[in-house]
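Report on the structure
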Amino acid sequence: MLADSIKRRIIAVNDKRILPVITVLLFIAGFMYSRSYTPAWPGDFTAYLGAGYALAEGVNPYDDQAVSRCLSHNGLHDVENLPYLYSPVFAIPFSIARYTGPVWIRRIWFLSLHGSFWLGFYLLLRKRPQNKSIAIMVVLGTLLLFMGPYRSAAKWGQVTALLFFLVSIAMYRQRSSILSGSVLSMIPLIKPALALPLFILRGKAWVFLALTTVAVILISLGTSGPEPWRQYATALNNVSSNWNLAMPANQSLTGNVHRIVGMYNKNYGAATPVIHKERVKRAEEERALSTGISASLMLVVLATILLSIGQSRWRSFYLSKYFAPLLCWISLLISPLAYDHYGLFLLPLLIESIFIGSKRLYIPAVIAFSYWALIPNADSFTANQALLLSIEAIRPALLVWVAIVYSRTVSAILLSKNCNTDDRLSMYQSELSVLSIR
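Residues numbered from 1 in each chain as written. Predicted model: local features only at pLDDT ≥ 70, side-chain atom pairs only at ≥ 80, totals over all residues. Heavy atoms only, no water.

With that out of the way, let us pick up the overall build of the chain. The helix and strand tally for the chain stands at 20 helices and zero strands. In the chain, the proportion of contacts linking residues at least 24 apart, taken out of those at least 6 apart, comes to 77%. Split by element, the accessible area of the chain, about 22300 Å² in all, is 64% carbon and sulfur. (Helix = DSSP H or I, 4+ residues; strand = E, 2+ residues; numbered from the N terminus. Contact = heavy atoms within 4.5 Å. Areas by Shrake-Rupley, 256 points an atom, 1.4 Å probe, with all protein chains shown as cover.)

This next bit is on the layout of surface pockets. Volume-wise, the second largest pocket comes out at about 470 Å³. Along its surface, the second largest pocket is lined by 20 residues, and Arg128, Met171, Tyr172, Lys321 and Glu352 are the ones closest to its centre. Looking at the lining of the second largest pocket, the elements that each hand over two or more residues are helix H6 (102–125), helix H9 (160–172), helix H17 (323–334) and helix H18 (347–356). In terms of residue count, the dominant contributor to the lining of the second largest pocket is H9 (four residues). Each residue belonging to the lining of the second largest pocket can be placed in one class, and the counts come to twelve nonpolar, two polar and six charged. (1 Å grid on protein atoms, 1.4 Å probe; cavity = no way out; pocket = protein on both sides within 12 Å on 5 of 7 lines; lining within 4 Å. Points joined across faces, edges and corners; volume = space filled by probe spheres on them. Nonpolar A, V, L, I, M, F, W, Y, C, P; charged D, E, K, R; others polar.)

With that out of the way, let us pick up the environment of Ile178. Assignment of secondary structure puts Ile178 in helix H10 (residues 178–184). Taking C-alpha positions, Ile178 is 5.3 Å from Ala205, a pair spaced 27 residues apart along the chain. For Ile178, the residues in contact, after removing those within four places along its chain, are Lys204 and Phe208.

Attention shifts here to a nonpolar patch on the surface. A contiguous nonpolar patch, built from Tyr33, Leu143, Phe146 and Met147 and spanning about 330 Å² of accessible area, is present on the exposed surface. Examined against the element boundaries, Met147 turns out to sit in the loop between helix H7 (130–146) and helix H8 (149–156). (Patch = residues over 30% accessible without salt bridge, like charges linked within 9 Å, V, L, I, M, F, W, Y side chains within 5 Å. Salt bridge = Lys/Arg side-chain N within 4 Å of Asp/Glu carboxyl O.)

Okay, the environment of Val239 next. By the element assignment, Val239 lies in helix H13 (residues 227–242). Sequence separation between Val239 and Pro83 is 156 residues, and the spatial gap between their C-alpha atoms is 9.9 Å.

Okay, the packing of aromatic side chains next. All chains considered together, the criterion is met by 27 aromatic pairs. Three or more aromatic residues joined by ring pairs make a cluster, and in this case those are Trp41, Phe45, Tyr48, Tyr62, Tyr84, Tyr86, Phe90, Phe94, Trp109, Phe110, Trp229 and Tyr232. Against the face of Trp104 rests Arg107, its NZ or CZ located 4.9 Å from the ring centre. The cationic tip of Lys127 hangs over the ring face of Tyr172; the distance from NZ or CZ to the ring centre is 4.5 Å. (Phe/Tyr/Trp six-rings, centres within 6.5 Å; stacked < 30°, edge-to-face > 60°. Lys NZ or Arg CZ within 6 Å of the ring centre and 35° of its normal.)

Within the fold, Asn256 resides in helix H14 (residues 253–268). At 3.1 Å, the side chain of Asn256 forms a polar contact with the backbone nitrogen of Ala393. Apart from the residues within four sequence positions on either side, Asn256 is in contact with Gln251, Glu392, Ala393 and Pro396. (Polar contact = N/O pair within 3.5 Å; in protein donor to acceptor, adjacent residues only side chain to side chain.)

Moving on, we get to unusual backbone geometry. The backbone phi angle of Asp78 is positive, close to 55°, even though this residue is not glycine. Assignment of secondary structure puts Asp78 in the loop between helix H3 (64–73) and helix H4 (88–91).

If you walk through the whole model with that rule in mind, you get three salt bridges. Between Glu227 and Arg230 there is a salt bridge, with the nearest N and O atoms lying 2.4 Å from each other. Highlighted residues: Glu227 and Arg230, both in helix H13, separated by three residues, approximately one helical turn. By relative accessible area, which is 37% here, Glu227 ends up partly exposed. Taking the shortest distance from any N to any O, the salt bridge between Glu392 and Arg395 comes out at 3.0 Å. Separated by three residues within a single helix, Glu392 and Arg395 lie in helix H20 (residues 385–437), roughly one turn from each other. For Glu392, a relative accessible area of 1% puts it in the buried group. The exposure class assigned to Arg395 is buried, which follows from its relative accessible area of 0%. (Buried < 20%, exposed > 50% of the residue type's maximum accessible area, 1.4 Å probe, protein only.)

Further remarks concern empty space enclosed by the protein. Within this structure, the stated rule accounts for one cavity of 30 Å³ or more. Lining the largest cavity are Ala47, Ala51, Pro61, Tyr62, Asp63, Asp64, Val67, Asn81, Leu82, Pro83 and Tyr84. Where the lining of the largest cavity is concerned, the elements lending two or more residues are helix H2 (43–57) and H3.

Okay, the nonpolar core next. In terms of nonpolar packing, the biggest core is built from 113 residues, with Phe117 and Leu184 touching the most fellow members. In terms of residue count, the dominant contributor to this core is H20 (twelve residues). Among all residues touching Phe117, those that are not within four sequence positions of it are Leu144, Tyr150, Ala161, Phe164, Leu344 and Leu347. (Core = buried A, V, L, I, M, F, W, Y, C linked by side-chain atoms within 4.5 Å.)

All right, on to the packing of H7 against H18 then. Orientation of H7 relative to H18, taken along the N-to-C sense of each, is 140°, at an axis distance of 11 Å. In terms of orientation, H7 and H18 fall into the oblique class. For the pair H7 and H18, the crossing hand works out as right-handed. For the pair H7 and H18, contact is made by Lys132, Ser133, Ile136, Leu140 and Leu144 and by Leu347, Leu350, Ile351, Ile354 and Phe355, respectively. Taken together, the residues of the contact of H7 with H18 sort by class into eight nonpolar, one polar and one charged. (Axes fitted to C-alpha atoms, helices over the stretch in contact; angles between N-to-C directions. Parallel < 35°, antiparallel > 145°, perpendicular 65-115°, else oblique. Left-handed = near helix turned anticlockwise from the far one by under 90°.)

There is a patch of like positive charges on the surface, built from Lys16, Arg126, Lys127 and Arg173. Here Arg173 is to be found in the loop between H9 and H10. (Lys, Arg positive; Asp, Glu negative; His and termini not counted. Charge placed at Lys NZ, Arg CZ, Asp CG, Glu CD.)

Here Arg259 shows up in helix H14. Nearest to the buried, unbridged Arg259 among oppositely charged side chains is Glu392, at 4.3 Å. Dropping the residues within four chain positions of it, Arg259 is found in contact with Ala246, Met247, Pro248, Asn250, Leu389 and Glu392.

The share of residues in the chain with pLDDT of 70 or more is 89%, and the mean pLDDT across the chain is 86. Taken as a whole, residues 10–14 scores under 50 in pLDDT and shows zero contacts with residues more than four places along the chain or in a different chain. (pLDDT = per-residue confidence, 0-100.)

This is how it looks when you write it as structure tokens:
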């Protein structure tokens, strides 16, 4: 008996170690393989680094020419310098490169990104049934090594992998925990467009989110003063008024609407020559129309999701573990910009759908994730404008479809649980009645 007990404990311990070991192996494989496709100085990482240098030297981190000069002064010549559009808070860690040099910051940053993704992925599976968790980690993890949002984030040094890790922590911990509120405070300071998962927080977590946000901003003001924040506000205003949301890389619902409306107006007005002033006016009207249609569609989608849940189950859905994955999923619909590496935020709902086990849910979820996150932008393999618009418009349509199916499926699960609870309560009350009669 003692030998059997020891044997069972050894097997249990080994089973618990399988998932962490696989995670570490995938982390090593992902990091090593990324060296074959990651540029020496990726554009997004260079933007972060340049802003850090500019902040350390007291120049405008949102001035491309000033940032280029800072990079050149520190030995980085002829590198791709993308515009930096994050808050000054995010540039503070990169300002350390002034003392350590860019190579060490690059090593630390890319190790952090790879580690963040695989650890976040692990946390999503940590409290799940062991066999299915191992299968998902092996199959999906291996697939993401070679394509999709993880590869894209690793290739360009994108911060999205770190934000994915922060969301995974908040989902792993209790929604009212101090840690959840503290870590999620970083998202609006870095990528406000992906801040929808903040609404999973409850109670005191909101207080610590506010306290952490204020503390980080005060540290930023004490380190570099208020001027970078004024420059940040100016840069956001300039970009928001001139940004082309119809660019092919934008896979969001808003981006697709802007492309379709722009194509329609282009064909409609192609035969009519107009002067420059009229073209500017038409462009403004086109932008306003596209924005209005996008906002209306978002409201319709949100209303449809709420109706799919059912008014009587809104509260139970909000309190359940199923709420956070839905917020992560629809954040790509709500955001005006959604690049391919944003697909990391689709993983929580995809994993939850597989564990729920309903074919009506996980098959659409797998299809939507594969199409949205694994297929490259249509502009890379088709020159036909109408076909390009059709292929790209399918991406947000699939996200909407899965969000509605998920809401209905979870609503049915919650209804079943409530019915079972009511049945047990009725049986208990009946037993009490019988006992009182006796």
